[in-house]
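Coordinates in review
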Amino acid sequence: PLPPQPPPEPSFPAHDEPRVWLISSGDSPIGIAVSRQVLEHGDYVVSGLVPANLTRTEARREQFAEFMEEVEQMGWKERFRPVALDIRFVQYSRIG
């Protein structure tokens, strides 16, 4: 078997100014990973947290808390904003 390959380095298109990324599930492992890459690149992150999901498993809460500590330590706090998202599913019906 072939040895495992490291993941490819992220590639960002050229741009003159920082961009703002909205990550709708910011406390998920993939949301944290994308946020980290974006912040390392110098862009801004709005990290969405769904209030109903704020009671997720303790491990997920701990991972996000650890990431928040990393945000502080790395000096990314000015470019990172966690926000509660109000996501509702509305069923549309036809009136007669």
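Structure: above.
Residues numbered from 1 in each chain as written. Predicted model: local features only at pLDDT ≥ 70, side-chain atom pairs only at ≥ 80, totals over all residues. Heavy atoms only, no water.

A count of helices and strands for the protein gives two helices and three strands. Mapped from its N terminus to its C terminus, the protein presents α and β elements in the order β-α-β-α-β. Among the 96 residues that make up the protein, the fraction classed as buried is 24%. A sequence separation of at least 24 residues applies to 65% of the contacts in the protein between residues at least 6 apart. Carbon and sulfur atoms form 57% of the exposed surface of the protein, whose accessible area is close to 7600 Å². (Helix = DSSP H or I, 4+ residues; strand = E, 2+ residues; numbered from the N terminus. Buried < 20%, exposed > 50% of the residue type's maximum accessible area, 1.4 Å probe, protein only. Contact = heavy atoms within 4.5 Å. Areas by Shrake-Rupley, 256 points an atom, 1.4 Å probe, with all protein chains shown as cover.)

With that settled, the discussion passes to the packing of aromatic side chains. Tallied over the full model, the rule gives one aromatic pair. Taking 5.5 Å as the distance between ring centres and 80° as the angle between the ring planes, the aromatic pair formed by F67 and F80 counts as edge-to-face. Of this pair, F67 sits in helix α2 (residues 58-74) while F80 sits in strand β3 (residues 80-84), and the two are 13 residues apart along the sequence. For F80, a relative accessible area of 3% puts it in the buried group. (Phe/Tyr/Trp six-rings, centres within 6.5 Å; stacked < 30°, edge-to-face > 60°.)

Relative to the helices and strands, D43 is located in the loop between α1 (29-41) and β2 (44-49). Reaching out from D43, the side chain makes a polar contact with the backbone nitrogen of R19 at a distance of 3.0 Å. At a separation of 3.0 Å, a polar atom in the side chain of D43 contacts the side chain of W21. Contact partners of D43, with chain neighbours within four places excluded, come to H15, P18, R19, W21, V38 and R79. (Polar contact = N/O pair within 3.5 Å; in protein donor to acceptor, adjacent residues only side chain to side chain.)

Before going further, it helps to spend a moment on the sheet that holds strand β1 (residues 20-23). Strands pair in a sheet through their backbones, by hydrogen bonds, and they do so in one of two ways: parallel or antiparallel. Read from one edge of the open sheet, three strands run β1-β2-β3, paired in parallel fashion. Across the chains shown, the open sheet's two edge strands, defined by having one partner strand only, are β1 and β3. Between one strand and the next, the sheet's axes are offset by a mean angle of 20°, whatever the strand orientation. Of the pairings in the sheet, the one linking β1 to β2 comprises four bridges and is parallel in character. Opposite W21, over in β2, you have V45 as the bridge partner. Set on the sheet, α2 makes contact with β2 and β3; between it and β3 the angle comes to about 145°. (Pairing = 2+ DSSP bridges. Axes fitted to C-alpha atoms, helices over the stretch in contact; angles between N-to-C directions.)

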